[in-house]
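The lines below spell out each chain.
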Amino acid sequence: MEERGKKADEKKKKKKKEKDNDYPNSWLITTIYKTFRGILLESAFFKLLQDLLAFASPQLLKLMISFTQDKSRYTWEGYLYAVLLLVVAVLQSLFLQQYFQRCFVLGMKVRTAIMASVYKKALVVSNEARKESTVGETVNLMSADAQRFNDVTNFIHLLWSCPLQITLSIVFLWLELGPSVLAGLAVMVLMVPINGFLATKARNIQIENMKFKDKRLKIMNEILNGIKILKLYAWEPSFQTQVEDIRGQELKVMRKFAYLTSVSTFIFSCAPALVSLATFAVFVGVSSDNVLTAEKAFTSISLFNILRFPLAMLPMLIAAMVQTTVSRKRLEKFLGGEDLDSDIVRHDPNTAVSISDGSFAWEKEADPLLKNVSLDIKPGRLVAVVGAVGSGKSSLMSALLGEMHSTKGFINIQGSLAFVPQQAWIQNATVRDNILFGSPHKERRFQEVIQACALAPDLKLLPGGDLTEIGEKGINLSGGQKQRVSLARAAYSQADIYLLDDPLSAVDSHVGKHLFEKVIGPNGILKNKTRILVTHGVSFLPYVDEIVVLVDGVVSEVGSYSSLRASKGAFSEFLDTYAKEQSNQADLQTMFYFPPPISFHPVFVYFVYSVLFSSVRLRKNSSIKKSEDADESKQGQKLIEKETMETGQVKFSVYLQYLRAMGWGYTVMVFVVYFIQNIAFIGQNLWLSDWTNDAVDYYNMTYPNWKRDTRVGVFGALGVAQGLFVFLGTLLMANASVNASRILHSRLLDNILRVPMVFFDTTPIGRVVNRFAKDIFTVDEAIPQSFRSWLLCLLGVLGTLFVICLATPFFTIIIIPLALVYYFVQRFYVATSRQLRRLDSVSRSPIYSHFSETVSGLSVIRAYGHQDRFLKHNEITIDGNLKSVYPWIVSNRWLAIRLEFLGNLVVFFAALFAVISRDSLDSGLVGLSISYALNVTQTLNWLVRMTSELETNIVAVERVSEYSELENEAKWVTETRPTEKWPEEGRLQFDNYKVRYRPGLELVLHGVTCNISSTEKIGIVGRTGAGKSSLTNCLFRIIEAAEGRILIDDIDISTIGLHDLRNRLTIIPQDPVLFSGSLRMNLDPFDRFSDEDIWRVLELSHLKDYVAGLQEGLQHEVAEGGENLSVGQRQLLCLARALLRKSRILILDEATAAVDLETDDLIQNTIRKEFSHCTVLTIAHRLHSIMDSSRVMVLDAGKIVEFDSPSNLLEKQGHFYAMAKDAGITREDVTAL
């Protein structure tokens, strides 16, 4: 593709420019111009020809009219003019389409070039430049800003063409009517500031509207992200009212905007009438010699029609240019930003990794984070880096990767790198592609890596094995699985040096042990490579060759485990702090000196979570993948169904649905009003043609004044009437469409909140949000607009044909064949165009998702040195998108040529029949019919455009209604309501309970039967996927029974309404989910409790001091997802929620490693004290917390295998005993408890 070459040139030019100037500006436009000069000049030439030809038609029209008036002229002259009209029109169409083709292709090329440059830049951008913009903003450069350039380049030539057209029209008009033109012109010029004023007003309203939109979408996003919590707590109504309130305000603003638009439409539609009124009135009023002849009137009307377009376009173009300058600045800033310094890291062949007296900072000016670091690591060693949270371990890794600024010293690295980041970065591809990461596939090595990384059992669970597709950001893998895939990627890459940033924190302790043994440790598959391991796991330290201890960015000691242990420095302090679990120090030491094949019980190694840092580094442990996902995937390859792309024609019922939402009364009125407006328009022109006949009647006589005044008066009145009707129609339309928006949105929202959980597990959130964002936006703004334009166009075309038939009745014969041709062309085009638009938007999203994936995984891509592979991939995705953009451009040209040709035929036949029947026609009607015909080409073209746009947009209604008709879960409240106090005792009975996640999947629970009496404390344990979480989901009826039942206090829970059930149970969920809003709203969204109650529970959950210390107290704003609270605090807030509800049954889905020991203790104690009178079910991941429960239920593969008190179970030496032994719990521990 020639574009490639051009892009390359352009990049070179950009690079050259960047060197001249430290933050170069205003080079982008000139670069683009230099690159695409050829096309620009060609298209300018075509545009010029077309502009000049546009003025030939009115002159021919003038000749034609004088020909019909003068009966003595030869007939061939008439035919000549008719043919000339046709030729001029055809040439004009051809030139115009050539110009458009070039301009649109140019726009496409500019967009592509910008996208490619942004991507290329993103791969080399330095860290401080990266900090300046978020991932979203960078993706925006690629989507929005590139698109803006595309749009502006499409119409760039209008900058000179509009003024040219305006000047020429005025010159010709002056020749026709003399100075009285100035009156009409003055009216036009006056319109400009009025329109400008309205436009700024409209923009302010739009900005206000965006605010509400953002607010609504933020809440929607949170609702969908926390939908499970909302369902468990039965909080949907509260959030529904929140969204509805915002939506109400949004619609108010929208109505305001619609009224404003209708005013500007009124002005715009009155303009042509007013202009011609002013001109003609002045013309006849100036002196009685001036008589309005048909030639003068219709020639000037067609000239005024030419003038309308440039006058309307100029302000729009200027506004677009202003927006583009903003984009230009942003692009220049990004493309001209700092690049990563490539010479920080050297490659001398003496040691594997060495840093000599280096200090490193994240930004040039900032204080160094790592100070005077000197390291020397021999090839093949395993080095552990330890230190407290925030001591600079991850920064050391980044420095070795060359991502940080070195203020002094240098780094030397010998050989290739592999990097495992702290938060695994997973691509949206198959598991195999994620592990191979561009290396060739060798089956033996692949299997070896998979075994070593403990991925084999996980791959068995996934439907397609290693070919299962992973969702974006690794959505269908648990945290532990992601981390292991990331480690496997490194292990497979066969690099020389491995940088492992805490890969063991996200996995369970036994898995961690396995990974260390098989991959990282002295006997792992990497044993001969150089490995640098950041770790919190104290238990691994005895097996490493060397330990580097970091304290506040300084290397405080380096040495082997035993030497550091002996030296009693920072390291032994570190050990003392983190290795205190129930066992005392002495035990620990003996445990550490076990002989190497690692066979000790891994001490409960807790990662350090000082409360301060826990919000910064949330390392979520979850190999405890919710069993649902494991289950989900068994059915069918893909967890996530592909989004349906509608094909074929939009069903008529969808249009009816929209009209119904608008209200039939409104719809009918709108039609009627617009129809009357059209009649007024035709009436006005007929009056004009009658007026011009006066010139013949009063030939050589003085023109009576009364006659003149009535002529002008009626002409003006009809013009104003026209405007008023348009105004009225637009107002009605505005009200109707706001109505429709309201109804469609509330139906959608109402339904989405009532859809069963299964739907959210199988549908990516983005897809649902998209319905609320893009589709509702289309329903709000685009559909009313295109519906109105379509109606006006349709009536306009019909009116034109009517007038031509009136003037030359012969014309009716031609209408039928023309209409048929038109119909076929239009059907053919609309179908193609619609599908191409759909393909375009479908193929566009991979570009952006690949880009945002790249930006978030930059350090990994750079570490492995895979920039080129990603560039290539980006080019392929962009090309894929262009494959649907280019045909779309061409299809538009195809349509335009055919339609304009039809329009030109209409002109030709109107002229031809006028010539044939010139004896029976008066010149006024000829002028009228031809000037109308000249206008019809544009209108025909627009009609098809509008039809296709309306069809494309109406799809939004289809998509919204698709989600408004999803089947719901059970009723929120049913006839059978339990008593106020139920459940009083809190007895639970499971009766042969079986459940599956979706019809057609395997059972998750195979007939669970058990009795739990009042106030019992039950621990539920079992390996991942045994069905622990499913049990709680069943209690809340998140999933419904396949057979069997659950009784709570002898009431079958499947008989009562969901809200009645969920309001009476309490759960403390695994992940603390908070919503943005006040703290108070997070605890009590329905305002059911008094402030005293809330302070009381805050005290019990140890948050009182924290909240009292906040400025706003209970009104403290919680950020989205609770970002401004630490994880521990979020967990405590969930506890406070539970305390507020005071129900008799509490389900505790134990938080995993997200909580530090202190918080964990607080929570456990509060629960023991405050919920002593309740039935408590604890789903445990750490056996310690349930050793004191009255009974323990051990689940395995969906059945209860053991159910007894902990001490009995340990004596039985069954499943539970094995698990306890793994966790290092012995009988003594239990008796001690």
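Basis of the calculations
Residues numbered from 1 in each chain as written. Predicted model: local features only at pLDDT ≥ 70, side-chain atom pairs only at ≥ 80, totals over all residues. Heavy atoms only, no water. Helix = DSSP H or I, 4+ residues; strand = E, 2+ residues; numbered from the N terminus. Buried < 20%, exposed > 50% of the residue type's maximum accessible area, 1.4 Å probe, protein only. Contact = heavy atoms within 4.5 Å. Areas by Shrake-Rupley, 256 points an atom, 1.4 Å probe, with all protein chains shown as cover. Lys, Arg positive; Asp, Glu negative; His and termini not counted. Charge placed at Lys NZ, Arg CZ, Asp CG, Glu CD. UniProt positions renumbered as here; feature names shortened; annotations may be inferred. Patch = residues over 30% accessible without salt bridge, like charges linked within 9 Å, V, L, I, M, F, W, Y side chains within 5 Å. Salt bridge = Lys/Arg side-chain N within 4 Å of Asp/Glu carboxyl O. Phe/Tyr/Trp six-rings, centres within 6.5 Å; stacked < 30°, edge-to-face > 60°. Core = buried A, V, L, I, M, F, W, Y, C linked by side-chain atoms within 4.5 Å. Pairing = 2+ DSSP bridges. Axes fitted to C-alpha atoms, helices over the stretch in contact; angles between N-to-C directions. Polar contact = N/O pair within 3.5 Å; in protein donor to acceptor, adjacent residues only side chain to side chain. Disulfide = S-S within 2.5 Å. Arc of directions from axis to C-beta. Parallel < 35°, antiparallel > 145°, perpendicular 65-115°, else oblique. Left-handed = near helix turned anticlockwise from the far one by under 90°. pLDDT = per-residue confidence, 0-100.

**Q** Can you break down the overall build of the chain residue by residue, with the values?
**A** When helices and strands are counted, the chain shows 42 helices and 22 strands. Here the chain, with 1233 residues, has 56% of them falling under the buried criterion. For the chain, restricting intrachain contacts to residue pairs at least 6 apart in sequence, the fraction spanning at least 24 positions comes to 82%. When the accessible surface of the chain is split by element, carbon and sulfur atoms take 59% of a total near 51400 Å². Here the chain contributes 133 positive and 129 negative side-chain charges, whose respective centroids are spaced 4 Å apart.

**Q** So what's going on with the UniProt feature "domain: ABC transmembrane type-1" (unreviewed entry) in the chain? Residues and values would help.
**A** Within this numbering scheme, the UniProt entry marks residues 43-323 and 668-952 as carrying the feature "domain: ABC transmembrane type-1" (unreviewed entry). Helix makes up 91% of residues 43-323 and strand 0%, and the two end C-alpha atoms of the span are 24 Å apart. Secondary structure across residues 668-952 divides into 91% helix and 0% strand, with the first and last C-alpha atoms of the span separated by 23 Å.

**Q** Lay out a nonpolar patch on the surface with the relevant residues and their values.
**A** Together, Tyr74, Trp76, Leu80 and Leu84 make up a nonpolar patch on the protein surface, roughly 460 Å² of accessible area in all. Within the secondary structure, Trp76 is located in helix α5 (residues 75-124). In this structure Trp76 comes out as exposed when scored by relative accessible area, which is 54%.

**Q** Help me get a handle on the pattern of salt bridges, residues and values and all.
**A** Pairing between side chains of opposite charge can happen when their charged atoms approach one another. Evaluated as defined, the whole model comprises 42 salt bridges. Between Asp51 and Lys47 there is a salt bridge, and its shortest N-O distance comes to 3.5 Å. Of the two residues, Asp51 and Lys47 both sit in helix α3 (residues 37-54), 4 residues apart, roughly one turn of that helix. Its salt-bridge partner being Arg330, residue Asp145 comes within 3.3 Å of it at the nearest N-O pair.

**Q** Before we move on, could you go through the packing of aromatic side chains and cite the residues and values that matter?
**A** Tallied over the full model, the rule gives 32 aromatic pairs. When the centroid spacing of 4.7 Å and the interplanar angle of 55 degrees are considered together, the rings of Phe239 and Phe1075 count as tilted. Here Phe239, found in helix α11 (residues 236-286), pairs with Phe1075, found in the loop between β16 (1065-1068) and β17 (1077-1078); they are 836 residues apart in sequence, far enough to count as distant. Just as Phe239 is buried, Phe1075 falls in that class too. Geometrically, the ring pair formed by Tyr561 and Phe571 is edge-to-face, given 5.9 Å between the ring centres and 85 degrees between the ring planes. Within this pair, whereas Tyr561 is found in helix α19 (residues 561-567), its partner Phe571 is found in helix α20 (residues 570-578), the two being separated by 10 residues in sequence. Per residue, the accessibility class of Tyr561 equals that of Phe571, and both read buried. One aromatic cluster is present, built from ring pairs that chain together Tyr99, Phe100, Phe104 and Phe155.

**Q** Summarise the nonpolar core; cite the residues concerned and give the values.
**A** Within the largest apolar cluster, 312 residues are counted, with the highest numbers of intra-cluster contacts made by Ile547 and Phe571. Judged by nonpolar contacts, the second largest core, of 28 residues, contains Ile1068, Leu1074, Leu1083 and Leu1125.

**Q** Describe in detail the sheet that holds strand β1 (residues 345-346), supporting the description with residues and values.
**A** One open sheet holds the 4 strands; their spatial order is β1-β5-β2-β3, and the pairing between them is mixed. Two strands bound the open sheet, and with one partner strand each, they are β1 and β3 (370-377). With 5 bridges connecting them, strand β2 (residues 353-361) and β3 associate as antiparallel partners. Across the sheet, Val353 pairs through a bridge with Ile377, a residue of β3. Contacting β1, β2, β3 and β5 (405-413), helix α13 (residues 393-400) crosses the sheet at an angle of about 65 degrees to β3.

**Q** Account for the sheet that holds strand β9 (residues 546-551), naming residues and giving values.
**A** The mixed open sheet is built from 6 strands, whose spatial order is β6-β7-β8-β4-β9-β10. A single partner strand is all that each edge strand has here, and the edge strands are β6 (417-420) and β10 (554-559). Across the sheet, the mean angle from the axis of one strand to that of its neighbour is 15 degrees, orientation sign disregarded. Bridge count for β9 against β10 is 5 bridges, and the pairing is antiparallel. Residue pairing for β10: Ile547 is matched across the bridge by Gly559. The sheet strands contacting α13 are β4 (382-386), β6, β7 (497-501), β8 (530-534) and β9, and the helix crosses β7 at an angle near 150 degrees. In the packing of helix α18 (residues 509-520) onto the sheet, the strands contacted are β4, β7 and β8, and the crossing angle to β8 comes to about 160 degrees.

**Q** Got a sec to walk through the side chain of Arg1064? Specific residues and values, please.
**A** With respect to the helices and strands, Arg1064 occurs in helix α34 (residues 1058-1064). Buried within the structure, Arg1064 lacks any salt-bridge partner; Asp1060 is the closest side chain of opposite charge, at an N-O distance of 4.3 Å. At 3.0 Å, the side chain of Arg1064 and the backbone oxygen of Thr979 are in polar contact. Of note is the side chain of Arg1064, whose polar atom sits 3.3 Å from the backbone oxygen of Trp982. If we ignore the near neighbours within four places in the chain, the residues touching Arg1064 are Pro978, Thr979, Glu980, Trp982, Pro983 and Ser1143.

**Q** A description of the pairing of β16 should follow, citing residues and the corresponding values.
**A** Side chains of β16 alternate between two faces, with Leu1065 and Ile1067 and Thr1066 and Ile1068 buried alike. Sheet topology note: the β16/strand β19 (residues 1145-1149) ladder contains 4 bridges and is parallel. Along β19, the bridge assignment pairs Ile1068 with Leu1148.

**Q** Please give an account of the state of the cysteines that cites residues and values.
**A** Applying the stated criterion across every chain, the model contains 0 disulfides. A disulfide-free cysteine, Cys805 has its sulfur positioned 19 Å from the sulfur of Cys793, the nearest such atom. Cys1034 carries a free sulfur, and the closest cysteine sulfur to it, the one in Cys1010, is 12 Å from it.

**Q** I'd like a rundown of α18, residues and numbers included.
**A** Side chains of residues three or four places apart in an α-helix project in the same direction, reflecting 3.6 residues per turn. All of the buried residues in α18 are Val511, Gly512, Leu515, Phe516, Val519 and Ile520. Here the buried residues of α18 occupy an arc of 140 degrees about the axis, which is enough to place them on one side. On its buried face, α18 is in contact with β4, α15 (443-452), α17 (479-492), β7 and β8.

**Q** Describe unusual backbone geometry, with residues and values.
**A** Unusually for a residue other than glycine, Asp357 sits at a positive phi of about 45 degrees. Here Asp357 lies in strand β2. On the basis of relative accessibility, which here comes to 38%, the residue Asp357 falls in the partly exposed class.

**Q** Could you give an account of the pairing of strand β21 (residues 1191-1196), naming the residues involved and the relevant values?
**A** Here strand β13 (residues 1017-1021) pairs with β21 via 4 bridges, running parallel. Bridge pairing in β21 places Ile1018 opposite Arg1191. As judged from the 5 bridges shared by β21 and strand β22 (residues 1199-1204), these two strands associate in the antiparallel manner. Its bridge partner being in β22, Val1194 is matched across the sheet by Glu1202. Where β21 hands over to β22, the hairpin turn is made up of 2 residues, of which Ala1197 adopts a positive phi near 50 degrees.

**Q** Can you explain the packing of helix α4 (residues 56-69) against helix α32 (residues 923-964)? Please cite residues and give values.
**A** Close contact between α4 and α32 brings their axes to 9 Å; oriented N to C, the two are set at 155 degrees. Accordingly, the angle class assigned to the pair α4 and α32 is roughly antiparallel. Along this stretch, α4 crosses α32, giving a crossing that reads as right-handed. For the pair formed by α4 and α32, the contact residues are Ser57, Leu61, Met64, Ile65, Thr68 and Gln69 on the first element and Ser923, Val926, Gly927, Ile930, Ser931 and Leu934 on the second.

**Q** Explain the environment of Glu244 to me, and be specific about the residues and the numbers.
**A** Relative to the elements of secondary structure, Glu244 occurs in helix α11. The class of Glu244 is partly exposed, set by a relative accessible area of 28%. Separated by 752 residues in the primary sequence, Glu244 and Arg996 place their C-alpha atoms 35 Å from one another. Aside from chain neighbours lying at most four places away, what touches Glu244 is Ser746 and Leu749.

**Q** Break down the confidence of the model for the chain for me, with residues and values.
**A** Averaged over all residues, the pLDDT of the chain equals 82, while 90% of them reach at least 70. Counting interchain partners and residues more than four positions distant, the pLDDT-below-50 stretch residues 1-21 has 38 contacts. For the stretch residues 581-638, pLDDT sits under 50, and the model shows 137 contacts to residues farther than four places along the chain or on other chains.

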